[in-house]
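Architecture at a glance
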Amino acid sequence: MELVKPEIGLVFWTTISFLILLFILGKFAWKPILGAITDRERFIEDALLKAEAAKEEMSRLTTENDALLKQARAERDVILHEAKKVKDQIISDAKEAAHTEGARMIEMARVEINNQKAIAMADVKNQVASLSLEIAEKVLKLQLADQEKQDELVSQLLKEVKL
Amino acid sequence: MNNKSILNSKKIKNFLKYAVLLMVCAFPALSFAQEKDTTAEVKKFSPKEVILEHIADSHSWHMIGKFSLPLPVILYTDKGLEVFSSAKIERHEEGETVIYKGKYYNYKLDHNKILAVDDAGQVNEQATHKLWDFSITRNVASMWMAMIILLLVFFSVSSSYKNRVGKAPKGFQSLIEPVILFVRDDVAIPNIGAKHVKYMPLLLTMFFFILINNLLGLVPLFPGGYNLTGNIAVTLVLSVITLIVVNASGNKYYWKHIFAPDIPLWLYIIMVPVEMIGIISRPFALMIRLFANITAGHIIVLSLISLIFIFNTLWISPVSVVFVVFMDVIELLVAFLQAFIFTMLSALFIGMAVEEHHH
């Protein structure tokens, strides 16, 4: 059968043509095309990996931030608590000190007052004594200025004296 | 998946587009065939002759009606090289004998075979036997046309890649890229594995060469309609290339599997010859498969068209047309399928040859 008998001419031309086509396409078409496709795939894969890494980094940072925040909050609470305690302590200390001091001062004042009172009393006594003396002197001086009155007084005094 | 999404899917849409395109192509073919055979109708119509003439190679490129494109005839005789136009040897009417007087012998064309003859037209058996026909036949010319199309297509695609570095594919580039990726990801990588890079140019060239020739073979108008991938010489060359590449890249495991398999020694008498036959039979099957599929498709389409002339009535033509459209759509599938299978099996054989075994 003619159909299944390969003709030498077509075999020859097909071989040459196909090999040339293979060479030209391989060099000027497949190489750049496949190269570009591979490059692009690598680029996309790279970008995806980077995005994934960034996402992970993001979540890591977020958890870290959360932890830091939590820790900071706890620390703040502790500090506040301590501050409160210190404040209370200071206030109670101050109160106590004030109390003691006040009592001491009151005591001192009282002693002073007593002292001053005693001094004043003594003073008053002296003054009263001297005043009385002066008054008495003046009265006496006045009463005994004339004879009559002296007599009268003496008589009065004598009258008063009941024997 | 609901109905709407099935209809909207890209595959279906593309398939319909091609089907419509083929229908459009099939109608002129029919009218063309009718026109042409009105003269032959006078004689007894012989479908076998017509079909075989259509699927065989020829020395001129038939265009339309009586017009043919003459092609160069290149003959290597025992005395030297002869080059002349096929127009000088082509018959213009049935029964006419045209003898071309060449430098060394006289030649005539008999059923697309060039024979050396003497002055009286008697065949010179001795000279004919030593005649090597390297003519640029219709198949060679159309193969070159297909190759030019391939070069134009892939140079343009390649330049799109250069101009659009790091960008998404656009236009024609995005039509071709999925096919290239298909050959790489579904043909080369599953069969060959990590070593596929070296074989990609061969597989891609094979795939697109077979595909474009299958498709152009389906176009019934002038530049198309040839039967290149259904020609045993072409499939022979392609399968021999596969044979050479497979055996040239065979590693020690491949050769050990053939000449020293892990079987009892007495089985070697059977196994070694079987394996050695296998080296040849695998590419041989490739050659026959592509040849038979494409030729069969052409024969069926031509037979259906011939029905009109066999029954010698126009009323059978709707039946022919419907069946031809149906066949053309199937042939379109076959065009892709055979390109895929040839490339796939080549990749598989290469993969078997380069596979590393870890025992």
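Let me begin by describing the structure that accompanies this report. (Residues numbered from 1 in each chain as written. Chains lettered and ligands numbered in written order. Predicted model: local features only at pLDDT ≥ 70, side-chain atom pairs only at ≥ 80, totals over all residues. Heavy atoms only, no water.)

**Remarks on the packing of aromatic side chains**
Inspection of the entire model under this criterion finds 18 aromatic pairs over all chains. Each ring, one from Phe 12 of chain A and one from Trp 13 of chain A, has its centre 5.0 Å from the other, and the planes form 70 degrees; the classification is edge-to-face. Accessibility expressed as a relative area gives 35% for Phe 12 of chain A, which makes it partly exposed. On the numbers, 4.6 Å between centres and 55 degrees between planes, the contact of Trp 30 of chain A with Phe 154 of chain B is tilted. Of the two residues, Trp 30 of chain A sits in helix 1 (residues 8-143) while Phe 154 of chain B sits in helix 5 (residues 138-163), which places them in two different chains. Taken as a pair, Trp 30 of chain A and Phe 154 of chain B share a single burial class, namely buried. Counting every residue linked through ring pairs, the aromatic cluster contains Trp 30 of chain A together with Phe 154, Phe 182, Phe 207, Phe 208 and Phe 340 of chain B. For Lys 79 of chain B, the ring lying beneath its charged end belongs to Tyr 105 of chain B, and the centroid distance is 4.6 Å. In this structure, Arg 282 of chain B packs its charged tip against the face of Phe 349 of chain B, placed 5.4 Å from the ring centre. (Phe/Tyr/Trp six-rings, centres within 6.5 Å; stacked < 30°, edge-to-face > 60°. Buried < 20%, exposed > 50% of the residue type's maximum accessible area, 1.4 Å probe, protein only. Helix = DSSP H or I, 4+ residues; strand = E, 2+ residues; numbered from the N terminus. Lys NZ or Arg CZ within 6 Å of the ring centre and 35° of its normal.)

**A word on the pairing of strand 7 (residues 113-117) of chain B**
All names here are of chain B. Burial runs high along strand 7: four of the five residues are buried. Sheet topology places strand 6 (residues 106-110) next to strand 7; five bridges connect them, and they run antiparallel. Within strand 7, the residue paired with Tyr 107 across the bridge is Ala 116. Following strand 6, the chain reverses through two residues before pairing antiparallel with strand 7; His 111 in that reversal takes a positive phi of roughly 50 degrees. (Pairing = 2+ DSSP bridges.)

**Here we look at the interface of chain A and chain B**
In this complex, chain A contributes 33 residues to the contact, which on the side of chain B involves 49 residues. In this assembly, chain A packs against chain B so that about 3,500 Å² is buried in total across both faces, 81% of it on carbon and sulfur atoms. Joining chain A to chain B, the criterion identifies two salt bridges. Here Glu 41 of chain A makes a salt bridge to Arg 184 of chain B, at a shortest N to O gap of 2.6 Å. Inspection of the region where chain A meets chain B yields eight residue pairs in polar contact (both at pLDDT 80 or more). Looking at the side of chain A that touches chain B residue by residue, the class counts come to 22 nonpolar, six polar and five charged. (Contact = heavy atoms within 4.5 Å. Buried area = accessible area lost by both parts, 1.4 Å probe. Salt bridge = Lys/Arg side-chain N within 4 Å of Asp/Glu carboxyl O. Polar contact = N/O pair within 3.5 Å; in protein donor to acceptor, adjacent residues only side chain to side chain. Nonpolar A, V, L, I, M, F, W, Y, C, P; charged D, E, K, R; others polar.)

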